[in-house]
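# Architecture and fold: a report
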Amino acid sequence: MEHPENDIQYKGLKVNEGVSDVPTINPYLKKRIKRKEYTPSEFVEGILKGNITILSQAVTLVESAKYEHQQTAQEIIEKCLPHAGKSVRIGITGVPGAGKSTSIDAFGMHLINEGRKLAVLAIDPSSERSKGSILGDKTRMEALSRAKNAFIRPSPSAGSLGGVARKTRETIVLCEAAGFDTIFVETVGVGQSETAVHSMVDFFLLIQLAGTGDELQGIKRGIMEMADGIIINKADGDNIEKAKLAAAQFRNALHLFPPAESGWFPKVLTYSGYYNLGIKEIWEMINEYMAFTKKNGYFDHKRNEQAKYWMYESINDTLRETFYHNPAVEKMLQFTEQQVLRNEISSFVAAKRMMDLFLNNLSNS
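It should be emphasised that the depicted structure is a prediction, and the values quoted were computed from it without experimental measurement.

This part covers the packing of aromatic side chains. Per the counting criterion, the structure on display carries 11 aromatic pairs. Taken together, a centroid distance of 5.4 Å and an interplanar angle of 85° make the contact between Trp264 and Tyr289 edge-to-face. On the criterion of sequence distance, the pair formed by Trp264 in the loop between helix H10 (240-254) and strand E7 (267-270) and Tyr289 in helix H11 (residues 279-296) is long-range, its members being 25 residues apart. For Trp264, a relative accessible area of 6% gives the class buried. Following the ring pairs from residue to residue traces out a cluster consisting of Phe203, Trp264, Tyr289 and Phe292. Its guanidinium or amino end placed over the ring of Phe180, Lys117 lies 4.7 Å from that ring's centre, counting from NZ or CZ.

The next subject is helix H2 (residues 52-63). With 12 residues, H2 should cover 16 Å at 1.5 Å per step; its first-to-last C-alpha distance of 16 Å lies within 8% of that length. Residues of H2 that are buried include every one of Ile54, Leu55, Ser56, Gln57, Ala58, Val59, Leu61 and Val62, and no others. With a side-chain oxygen positioned 3.0 Å from the backbone nitrogen of Thr53, the residue opening H2 is Asn51.

Glancing now at a nonpolar patch on the surface. On the surface, Met311, Tyr312, Ile315 and Leu319 cluster together into a nonpolar patch covering about 400 Å² of accessible area. Here Met311 lies in helix H12 (residues 298-324).

Procedures and definitions
- Residues numbered from 1 in each chain as written.
- Predicted model: local features only at pLDDT ≥ 70, side-chain atom pairs only at ≥ 80, totals over all residues.
- Heavy atoms only, no water.
- Phe/Tyr/Trp six-rings, centres within 6.5 Å; stacked < 30°, edge-to-face > 60°.
- Helix = DSSP H or I, 4+ residues; strand = E, 2+ residues; numbered from the N terminus.
- Buried < 20%, exposed > 50% of the residue type's maximum accessible area, 1.4 Å probe, protein only.
- Lys NZ or Arg CZ within 6 Å of the ring centre and 35° of its normal.
- Expected span 1.5 Å × (residues − 1).
- Polar contact = N/O pair within 3.5 Å; in protein donor to acceptor, adjacent residues only side chain to side chain.
- Patch = residues over 30% accessible without salt bridge, like charges linked within 9 Å, V, L, I, M, F, W, Y side chains within 5 Å.
- Areas by Shrake-Rupley, 256 points an atom, 1.4 Å probe, with all protein chains shown as cover.
- Salt bridge = Lys/Arg side-chain N within 4 Å of Asp/Glu carboxyl O.

Right, dumping it as structure tokens:
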């Protein structure tokens, strides 16, 4: 555009042309490469070959809330099931700050150096406000995150430990089909997730600290009863004697509990995840437990009970989903809720009405 200031009447004034508009999109920016979409058979083929990229994408489908993703995921799991079940599944729990991630890093590298393949499934706590998760477990597992034969997958709890637990169990199947012979499942460590994780692992490991003043009173009886082994972390430097004292207190406390169904009496060991001290002894304990339970038949019995438990859990989840997504229920639920809040009907009457509506709608459809 010609500037009017350059007219002859404005002698001595010269305005140069401006620079043309710069494009808002970088012309050198290549178009984003679209991720290839695999068929369920291609997913299974890639997983059985140990392809980590395809395994990761399959886990994403398992974790997805989309109906079509869930349908694909279930088909993949069904085809992978005959190739699963050959790993050692270990649940790892402990209070926040006990050093779970550091310990997993040390335990994992011990296994990798022995030639094993390890998958770490970490349930990451989600914010109640934002519903987001940091998913930063890999940053605390520096050595393991670089190891070739390790697969680390953090999953957000997203406020639903039951849902994540079910998806974690399905992820275990995929990892086993991909050739991972050891599976670690790290819990959120808030008291609720332990039961769900205990129902999907072979060995349940409780990590504790010494010198925090909660050696006995701060430990929930339920978690102590679930533990197949207790290990006292940070047994190094000036803390060694405190760790030994804590271990003795835990051993005495365990004698007060009824014997475990497996016939195994939990052991209490001390170690240092940071300095890699006592790691070998912990694995000797786990191997001893596995041999003990396989010999007396408890190992197979526990896995059968777990499979039955998750069948009923899946039925409950499906019923819940079907109920809340039923058109008739969706239409009346808000109105019935307001009736309860206005004290027009009781909660129990409201629940019965909604169930009757749901069942009648099912029978008529």
